[in-house]
Amino acid sequence: MVTLPLRIGLTVALAILLSCAYAYAGDWKELKSDHFIIYYLGDESFASETSRKAESYYDRIASDLGYSRYDKFWQWDDRAKIYLYRNHEDFLRATNKPSWVHGTAVYEKKEIISYEWGSGFFDTLLPHEMAHLIFRDFVGFPLIKGRAGWERTIPLWMDEGVAQWAEAGKRARAAEIVGALIKSKKYIPLDQLMTIYNDTAVDAEMSLKVYAEAVSLVGYLIKEYGADRFALFCKQLRDGKSVDEGLSFVYTGSIQNIKELESKWIKYYGG
Ligand SMILES: [Zn+2]
C-alpha cells in the first residue's frame, strides 16, 4: 500500500510513460484518410482495411444517430487517430490494461488504441469505440450543480447504448436478453439505471443487464421516434439538461419523464 500523494505521483508518472509509449514510438507508420490517421507497426493491408472500414462506419454511425446534419467534425487537424499494435501482448505492455481488454478509446484525444486481430476488431471493437468517440464529441462532458457539487448528467446507459447500437449483431441479442428480463421482472428499473455513471460500480451479472438495457433503450428511442429526434435529445443533454428534462422537451406528448419511458419500453419489448 502506498500513501495517496505517492499514488497520485505514480499514476501521473505512469500516464506520462504510457502516452510516450504509444504516441512517440519511432517506428509508427501513418495512413491518412478524410477523418482518420491510422498509426501502425506491422501489416499495411490490415491498416488500410481499418482505414476503409473506419470511414464507412463514420458515415453510418453519424447517420444512425441522426448526427449527420450537425456533422462537420474530424477533418484535417481534427482527425481521429487509431493506433494498431502488432499483437495483443504488445498492446497490453504499452497500455497496462488487464488481459481481457483488446482495445480502448481515449475520448479527450480522439484516439482508439488496439492491435491487429481478426473479425472481432472490425465487427465489434472498431464500431463500438468509434461510436463512443462520436457520441462524446457530440455531447461533451456536461455537468450540473447538484447537492454534492458538480455532477455528471449523462448516465452510462446512454454511452454504452450508443456504442453497442453501432455493433453488428448486438441489437438482436440485447432484445432477447431484455425480453427475458422483462418477462421475469428481473430488469434494472430505469430510475436505478439513471444513477449508474460508471461500470466499475456494477458486478458481472448487473453489468450484463446494464449493457443489454442500454442498447435496447437507445434502440427503442431511435426506432420508435427517429434518429433526428434522438440527436435533438442528445443536444439537450449537451446543453446541460437532465435526462428527464431532455425527454420531456424532445418527446413532448409521448414521453414526459423516465417513468413513462420505462412503461413504454417494457411494452415494446414484450412486457
Ligand atoms: Zn463501451
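Everything below is about the structure shown above.
Residues numbered from 1 in each chain as written. Predicted model: local features only at pLDDT ≥ 70, side-chain atom pairs only at ≥ 80, totals over all residues. Heavy atoms only, no water.

Moving on, we come to the nonpolar core. Grouped together as the largest cluster of nonpolar side chains are 76 residues, with contacts concentrated most on Trp 157, Leu 221, Phe 230 and Phe 233. In terms of residue count, helix H4 (residues 119-139) provides more of this core than any other element does, 11 residues in total. Each of domain 1 (4-139) and domain 2 (143-268) gives at least three residues to this core. Apart from residues lying up to four places away in sequence, Trp 157 is in contact with Leu 193, Met 194, Ala 214, Leu 217, Val 218, Leu 221 and Val 243. Formed by 13 residues, the second largest nonpolar core is a distinct cluster that contains Trp 28, Phe 91, Val 106 and Ile 113. (Core = buried A, V, L, I, M, F, W, Y, C linked by side-chain atoms within 4.5 Å. Buried < 20%, exposed > 50% of the residue type's maximum accessible area, 1.4 Å probe, protein only. Helix = DSSP H or I, 4+ residues; strand = E, 2+ residues; numbered from the N terminus. Domains from an automatic or database assignment. Contact = heavy atoms within 4.5 Å.)

What follows is about helix H5 (residues 156-165). Along H5, 10 of the 10 residues are buried, which leaves the element largely enclosed by surrounding structure. Inspection of H5 places Leu 156, Trp 157, Met 158, Asp 159, Glu 160, Gly 161, Val 162, Ala 163, Gln 164 and Trp 165 among the buried residues, and these make up the whole buried set.

Structural remark: α-helix, 3.6 residues per turn; residues separated by three or four positions point the same way. Within the span of helix H10 (residues 243-250), buried status applies to Val 243, Gly 246, Leu 247 and Val 250. Angularly, the buried residues of H10 cover 100° about the axis, an arc narrow enough to put them on a single face. (Arc of directions from axis to C-beta.)

Right, let's talk about the side chain of Ser 254 for a bit. Residue placement: Ser 254 occurs in the loop between H10 and helix H11 (258-268). When near neighbours in sequence (up to four residues on either side) are disregarded, Ser 254 contacts Tyr 225, Glu 260 and Lys 264.

Protein-derived coordination of the zinc ion comes from His 128 (NE2), His 132 (NE2), Glu 160 (OE) and Glu 160 (OE), at a distance range of 2.1 to 2.6 Å. Seen from the zinc ion, its four donor atoms lie at angles of 53 to 150°, and the figure they make is irregular. Read in sequence order, the donor residues for the zinc ion give the motif H-x3-H-x27-E. Of this pair, His 132 sits in helix H4 while Glu 160 sits in helix H5, and the two are 28 residues apart along the sequence. His 132 gets classed as buried once you look at its relative accessible area, which sits at 3%. What makes Glu 160 buried here is its relative accessible area of 9%. (Donors = N, O, S within 2.8 Å, 3.2 Å for Na, K, Ca; no water. Tetrahedral: all angles 85-135°; square planar, octahedral: opposite > 155°, others 65-115°.)

Sheet analysis places strand S1 (residues 29-32) next to strand S2 (residues 36-40), joined by four bridges and oriented antiparallel. When the bridges of S2 are listed, Leu 31 appears paired with Ile 38. Once S1 ends, the chain turns through three residues before running back antiparallel as S2. (Pairing = 2+ DSSP bridges.)

Everything listed is a geometric property; what it means functionally is a separate question.
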